[in-house]
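Structural overview for review
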Amino acid sequence: MIFTVAIDGPAAAGKGTIGRAVAAHFGFAHLDTGLLYRAVGALVLKGAEPVAAARDLTPDALEQPGLRSPEVAQAASEVAVIPEVRAALLDFQRGFARREGGAVLDGRDIGTVICPAAEVKLFVTASAEARAGRRLAELLESGHATDMAAVLADVRARDARDESRAAAPLRPAEDAHVIDTSDLTVEAAIAAAVARVAAAGARS
Ligand code: CDP
Ligand code: CDP
């Protein structure tokens, strides 16, 4: 059975949380595509050339320490504007999406560019303040020294770059279902997503 769930949306909207839960519910595989761009960004911070780093990306690169840091997030969004970097990551993502047994991919351009024929498209969003508050809690929890003003500025800068770039900008696909998680608990957001996927014919 081939079944693709495409999840897009801005930073810290809850895409990964929803993606993991939907994948577990239906027994699908899950790919956080942001990790690919973070891995390239981290290699570039160590001196690599972005297009070569994306073409030669290895599974080991996805396990590098520090991929969740704000510095790597910024570097990821900078390499993500380069069309050749996006092109180098395309085949891997499309192959993953059409694997046997079902797949959930979350990112920025899954429903618009990577998988325009996905069986279900979700656009997960929330206010910038709600998203920055959640990301701040995660960063403090994992020992990063930061504050709300810095995290909000980071989130807004990345949103602006992701939405305004020429190559695969962040926007909802025309047939995407929007889930605004600003006032939803994690459980309610997951339930809304699972209901959409079940309505499209996925069996748990
Ligand atoms: O993948 P993305 O960057 O969109 O977000 P995430 O890493 O899944 O989650 C952001 C944070 O928001 C996590 O700490 C979640 O527990 C929290 N959260 C959520 O995902 N959904 C809600 N409705 C409320 C909180
Ligand atoms: O977890 P969070 O939502 O903060 O970020 P992420 O999903 O790990 O993505 C990091 C950066 O990679 C984003 O700000 C985008 O610039 C880029 N990205 C992208 O361009 N296309 C994707 N499909 C996924 C991420």
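Residues numbered from 1 in each chain as written. Chains lettered and ligands numbered in written order. Predicted model: local features only at pLDDT ≥ 70, side-chain atom pairs only at ≥ 80, totals over all residues. Heavy atoms only, no water.

Rule in force here: UniProt positions are given in the numbering used here, feature names are shortened, and annotations may be inferred rather than shown by experiment.
The name recorded for the protein in an unreviewed UniProt entry is Cytidylate kinase, from Limimaricola pyoseonensis. Turning to the protein, the UniProt record has this under Sequence similarities (unreviewed entry): "Belongs to the cytidylate kinase family. Type 1 subfamily." Taken from UniProt, the Subcellular location (unreviewed entry) comment for the protein reads in full: "Cytoplasm".

Some words on the pattern of salt bridges
The criterion, for reference: Throughout this description, the term salt bridge denotes a Lys or Arg side-chain nitrogen within 4 Å of a carboxyl oxygen of Asp or Glu. Note on conventions: DSSP H or I runs of at least 4 residues are helices, E runs of at least 2 residues are strands, and numbering of each starts at the N terminus. Here's how the labels work: a residue is buried when its accessible area is under 20% of the maximum for its type, exposed when over 50%, partly exposed in between, all with a 1.4 Å probe on protein chains only.
Enumeration according to the criterion identifies 11 salt bridges in this entry. Note that Glu78 and Arg161 form a salt bridge whose closest N and O atoms lie 3.8 Å from each other. Separated by 83 residues along the polypeptide, Glu78 in helix α4 (residues 70-79) and Arg161 in helix α9 (residues 148-164) bring together distant segments of the chain. Its relative accessible area of 45% is what places Glu78 among the partly exposed residues. On the accessibility criterion, Arg161 (24% relative accessible area) is partly exposed. Residue Asp175 pairs with Lys121 through a salt bridge whose shortest N-O separation is 3.1 Å. Here the residue Asp175 occupies a position in the loop between α9 and β5 (177-180), and Lys121 occupies one in strand β4 (residues 120-125), the gap between them amounting to 54 residues.

Describing the environment of Gly14
Position of Gly14 relative to the elements: it lies in the loop between β1 (4-8) and α1 (15-26). What makes Gly14 buried here is its relative accessible area of 18%.

Some points on the sheet that holds β5
Whether parallel or antiparallel, the strands of a sheet pair through hydrogen bonds between backbone atoms. Here is the rule: Two strands qualify as a pair provided that DSSP identifies no fewer than 2 bridges between them. For helices, the fitted line uses only the C-alpha atoms of the stretch in contact; every axis is such a line through C-alpha atoms, and the angle between N-to-C directions lies from 0 to 180 degrees.
An order of β2-β3-β1-β4-β5 is seen for the 5 strands of this open sheet, with the pairing classed as parallel. Unpaired on one side and paired on the other, β2 (29-32) and β5 mark the two borders of the sheet. With strand direction ignored, the average angle separating the axes of adjacent strands in the sheet is 20 degrees. Across 4 bridges, β2 lies against strand β3 (residues 103-107) in parallel orientation. Paired with Leu31 across the bridge in β3 is Leu105.

Remarks on the UniProt feature "domain: Cytidylate kinase" (unreviewed entry) in the protein
Feature annotation in UniProt assigns "domain: Cytidylate kinase" (unreviewed entry) to the following positions: residues 5-47 and 67-196. Here residues 5-47 is 56% helix and 19% strand, with 35 Å between the C-alpha atoms at its ends. For residues 67-196, helix accounts for 55% and strand for 12%, while the C-alpha atoms at its two ends are 31 Å apart.

A word on the site of ligand 2
Stated formally: Nearness here has a simple test: a residue counts as near a molecule or strand if at least one of its heavy atoms is within 4 Å of that partner. Side-chain atoms alone can form a polar contact between residues adjacent in sequence; in general such a contact is a pair of N or O atoms within 3.5 Å, and within protein one must be able to donate a hydrogen while the other accepts it. Grid points spaced at 1 Å over the protein atoms alone were grouped into cavities, where a 1.4 Å probe fits but cannot get out, and pockets, open sets with protein on both sides within 12 Å along at least five of seven lines, with lining residues defined by an atom within 4 Å of a point. More than half of a molecule's atoms within 2 Å of the grid points is what it takes for that molecule to sit in a cavity or pocket. Throughout this entry, Asp, Glu, Lys and Arg are counted as charged residues, while Ala, Val, Leu, Ile, Met, Phe, Trp, Tyr, Cys and Pro are counted as nonpolar. The remaining residues, Gly among them, count as polar.
In the vicinity of ligand 2 lie 19 residues, with Arg38, Arg86, Arg135, Arg158 and Asp162 positioned nearest. One nitrogen or oxygen atom from the side chain of Arg108 is found 3.0 Å from an oxygen atom belonging to ligand 2. Cavity membership is defined here by more than half of the atoms lying within 2 Å of grid points; on that basis ligand 2 lies in the largest pocket. Elements supplying a minimum of two residues to the shell around ligand 2: α2 (34-45), α4 and α9. Looking at the shell around ligand 2, the element that brings in the most residues is α2, giving 3 residues. Residue composition of the shell around ligand 2, grouped by class: 5 nonpolar, 4 polar and 10 charged.

What about α4?
The following threshold applies: Contacts are residue-level and defined by heavy atoms, with any inter-residue pair within 4.5 Å sufficient.
A large share of α4 lies buried, amounting to 7 of its 10 residues. Of all the residues in α4, the buried ones are Val72, Ala73, Gln74, Ala75, Ala76, Ser77 and Val79. At its buried positions, α4 is contacted by α2, α3 (50-55), α5 (83-88) and α9.

A look at the UniProt feature "binding site: ATP" (unreviewed entry) in the protein
The feature "binding site: ATP" (unreviewed entry), as annotated in UniProt, sits at Gly9, Pro10, Ala11, Ala12, Ala13, Gly14, Lys15, Gly16 and Thr17 in this numbering. In the annotation above, Ala11, Ala12, Ala13, Gly14, Lys15, Gly16 and Thr17 are the residues that line the largest pocket. By the secondary structure assignment, Ala11 is in the loop between β1 and α1. Classification of Ala11 by relative accessible area gives buried; the value is 2%. Relative to the assigned elements, Gly16 resides in helix α1.

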